[in-house]
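As a plain string of letters, each chain reads:
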Amino acid sequence: MNTIEHWINGTATSAGSTRTAPVFDPATGKQQASVLLAEASDVDTAVAAASKAFESWGDSSLSQRTRVMFAFRELLVKHEDELARIISREHGKVVDDARGEIVRGREVVEYACGIADALKGSFSDQVSRDVDVHDFHQPLGVVAGITPFNFPIMVPLWMHPVAIATGNTFILKPSERDPSASNFVAQLYAEAGLPEGVFTVVHGDKVAVDAILDHPDIAAVSFVGSTPIAKYVHERATATGKRVQALGGAKNHAVVLPDADLEYAANHLTAAAFGSAGQRCMAISVGVAVGAAGDKLVGILERKAREVKVGPGGDPASDMGPVVTEAARERVVNAVAQGAEQGATVVVDGRGLTVDGHEEGFFVGPSLLDHVTTDMTAYREEIFGPVLAVVRAETVDEAIAIINANPYGNGTAIFTGSGEAARKFQREVKVGMIGVNVPIPVPMAYYSFGGWKDSLIGDSPIHGPAGVRFYTRAKVVTTRWPHTSTSAAAFTFPTSS
Ligand code: NAD
């Protein structure tokens, strides 16, 4: 069976690792590979290589860095199909959905191709007599990214193109559940001309993560994953003086007002709830049906949920693949059972679903729960599976109050024909990313991505301008070229003249 190795110093290596974790094919439920799990000493080896590479990469020209990014972007286009299949095989999502995450991730590479513009400093002429001031940004050094299973290529791409284009060297610790896409990316970077040691992949579990968080030669850590781990990463890595951006979990609400086109809204809710088997940080997991929208909306959602074709990710006929592990499947099944016990109406029940020829796969069908209330477990917990919970509200104000009382604040959407309601919603809701008649409002790469409250620990969103700030430090330089013959020392505090 294939063993997936680390990528250190421009080559695949097992370093000193001997522990492994199984990598499953979620469509069959069978183990298809093993992935090495790094020890702290392997992280040391990776950091040493990345530190060495930083000596020259940190000093490389903007032209050299952007040339690599342009070449890397072309390779991502060329290998899109191969990469999509690698993702689908280990994650389970359908191939077209995997292609979608490659395209959205590639947009960050395109942003990084224009990094010269984002890195421009400012200049103030003659701030005092014969004195000018300018600022400029320098890379931090070795930085690391720790990423979740659900977007094995897009989420790392939120990080490394910006980190590398701004002159840092980058160590990626991807999810151990779907590790292969990261090694493929490492090969593409090498082919694009990125010097050895600038991009490193270390596979592993908590041992590798802790070694990264504690390592004195890592300057910054980017994390995306569940909220409890985001909090842990933030606390432990800031304690060792690192910069940290830590994005956590979500419970995203879509509000549907009675004046919305209900067929349109239901279409989008269905895709946003059940696409990628609900395993998206921006998935809609709660529909808030307002007033008269309620029964009609649930009727349409029921019809559409029953139409979702569940099957292997590699089958072009599938709309939705399996969830990532057997444990994830059980979590979904239990969440629906608890919803029923606590009084929700199970309108569509995905628990019993099996897929012919794939009886051992981690499949679970779409579930639709109605009359969910905010005290139920199915509402309070992030299920991270294909379950859409519908909560009823009387007014848009009540819908906003429900969202604002939720501990998460990643994404939300409103479906309405009313500009007034949409404007009120976007101004009052305590959520970082908002869609108006758009279900999964993932910002473009030249904006930054980040939620509020428990969906973002610390204060740095990811990619775009916030990413450039995160991976660089500014210097402000005050300059005077004096007439040396006439200048004399002054002992009062300098002010402008
Ligand atoms: P996870 O938190 O279990 O794992 C994320 C990373 O942390 C992985 O690399 C994993 O190896 C590591 N990790 C796990 N447990 C650890 C521990 N105890 N100590 C140290 N490291 C540990 O998340 P996941 O299940 O891979 O991904 C799903 C979660 O990610 C969901 O909560 C989802 O909402 C969230 N997510 C959020 C965003 C966002 O932008 N806010 C994006 C994608 C996913």
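Residue numbers here run from 1 along each chain, matching the order of that chain's written sequence. Where local features are concerned, this predicted model is filtered to residues with pLDDT of at least 70; where side-chain atom pairs are given and counted, the filter is 80 or more; whole-chain, interface and lining totals use all residues.

1. Structural notes on the overall build of the protein
Line of reasoning, step 1. Secondary structure assignment for the protein yields 16 helices and 23 strands.
Line of reasoning, step 2. Seen along its three principal axes, the alpha-carbon backbone of the protein occupies a region of about 85 × 60 × 40 Å.
Line of reasoning, step 3. Buried means a residue has 20 or more other C-beta atoms within 10 Å of its own C-beta, exposed means 12 or fewer, and partly exposed covers the counts in between; C-beta atoms are placed from the backbone. The proportion of buried residues among the 497 residues of the protein is 52%.
Line of reasoning, step 4. We call two residues in contact when their backbone-placed C-beta atoms lie within 7 Å. Once local pairs closer than 6 in sequence are excluded, the contacts in the protein between residues at least 24 apart make up 71%. Each helix is a run of H or I in the DSSP string that is no shorter than four residues. Each strand is a run of E no shorter than two, and both are numbered from the N terminus.

2. As for the domain arrangement of the protein
When the parts come together, some accessible area is lost, and that loss is often what is quoted as the size of the interface.
Line of reasoning, step 1. The split into domains, and so the bounds of each, comes from an automatic or database assignment of domains. Looking at the assigned domains, one finds that the protein contains domain 1 (3-248 + 455-477) and domain 2 (252-436).
Line of reasoning, step 2. Each of domain 1 and domain 2 was reduced to a C-alpha centroid, and the two centroids are 31 Å apart.
Line of reasoning, step 3. Between domain 1 and domain 2, the contact holds 17 residues from the first and 26 residues from the second.
Line of reasoning, step 4. Of all the elements in the fold, those that place two or more residues in the side of domain 1 that touches domain 2 are α3 (80-91) and α4 (95-113).

3. Let's talk about the UniProt feature "domain: Aldehyde dehydrogenase" (unreviewed entry) in the protein
Line of reasoning, step 1. UniProt positions are given in the numbering used here, feature names are shortened, and annotations may be inferred rather than shown by experiment. Annotation from UniProt places "domain: Aldehyde dehydrogenase" (unreviewed entry) at residues 17-477.
Line of reasoning, step 2. The span residues 17-477 carries 41% helix and 21% strand; its end-to-end C-alpha distance comes to 46 Å.

4. Regarding the sheet that holds strand β1 (residues 3-4)
Note: strands within a sheet are paired through backbone hydrogen bonds, in either parallel or antiparallel orientation.
Line of reasoning, step 1. Paired strands, in this sense, are two strands between which DSSP finds at least two bridges. Pairing is mixed across the open sheet formed by 3 strands, whose spatial order is β1-β5-β4. At either margin of the open sheet sits one strand with a lone partner, and together these are β1 and β4 (20-25).
Line of reasoning, step 2. Across 2 bridges, β1 lies against strand β5 (residues 30-36) in parallel orientation. Residue pairing in the sheet places threonine 3 in a bridge with serine 34 of β5.

5. Things to note about the packing of α3 against helix α7 (residues 180-191)
Line of reasoning, step 1. As a rule, the C-alpha atoms of each element are fitted with a line to give its axis, helices using only the stretch in contact, and angles between N-to-C directions run from 0 to 180 degrees. Orientation of α3 relative to α7, taken along the N-to-C sense of each, is 160°, at an axis distance of 9 Å. Classified by the interaxial angle, the pair formed by α3 and α7 is roughly antiparallel. Residues Leu83, Ile86, Ile87 and Glu90 of α3 lie in contact with α7, whose contacting residues are Ser180, Ala181 and Phe184. Our angle categories are set so that under 35 degrees counts as roughly parallel, over 145 as roughly antiparallel, 65 to 115 as roughly perpendicular, and the remainder as oblique.

6. A look at the site of the ligand
Line of reasoning, step 1. Residues in close proximity to the ligand total 27 residues, the closest being Pro148, Gly225, Ser226, Gly249 and Cys281.
Line of reasoning, step 2. Three classes are used: nonpolar for Ala, Val, Leu, Ile, Met, Phe, Trp, Tyr, Cys and Pro, charged for Asp, Glu, Lys and Arg, and polar for all others, with Gly counted as polar. Here the residues of the shell around the ligand sort into 12 nonpolar, 10 polar and 5 charged.
Line of reasoning, step 3. Built from parts of two domains, the shell around the ligand gets at least three residues from each of domain 1 (3-248 + 455-477) and domain 2 (252-436). We call a residue near a molecule or strand when its C-beta atom, built from the backbone, sits within 6 Å of it.

7. Let's talk about helix α1 (residues 40-57)
Line of reasoning, step 1. Each helix should span, by expectation, one fewer than its residue count multiplied by 1.5 Å. Taking 1.5 Å of rise per residue, the 18 residues of α1 would be expected to cover 26 Å, and the 25 Å separating its terminal C-alpha atoms lies within 8% of that figure.
Line of reasoning, step 2. Along α1, the residues classified as buried are Asp42, Val43, Ala46, Val47, Ala49, Ala50, Ala53, Phe54 and Trp57. Looking straight down α1, one finds that the buried residues subtend no more than 165° of arc, so they occupy a single side. For α1, the exposed residues set more than 90 degrees away from the buried face come down to Ser41 and Glu55.
Line of reasoning, step 3. Contacts from the buried residues of α1 go to β2 (6-8), β8 (142-146), β9 (169-173), β10 (199-201) and α8 (206-214). Each direction from the helix axis to a C-beta atom contributes to the arc, which is the arc of those directions.

8. Focus: the nonpolar core
Line of reasoning, step 1. For this entry, the nonpolar core is defined as buried Ala, Val, Leu, Ile, Met, Phe, Trp, Tyr and Cys residues connected by C-beta atoms within 7 Å. Counting 153 residues, the largest nonpolar core has Ile212, Val221 and Val256 as its most contacted members.
Line of reasoning, step 2. Element by element, the count of residues in this core is highest for helix α6 (residues 154-165), at 9 residues.
Line of reasoning, step 3. Residue-level mapping places this core at the junction of two domains, with at least three residues from each of domain 1 (3-248 + 455-477) and domain 2 (252-436).
Line of reasoning, step 4. Leaving out residues up to four positions away in the same chain, isoleucine 212 has contacts with Val43, Ala144, Ile146, Ile171, Lys173, Ile218 and Val221.

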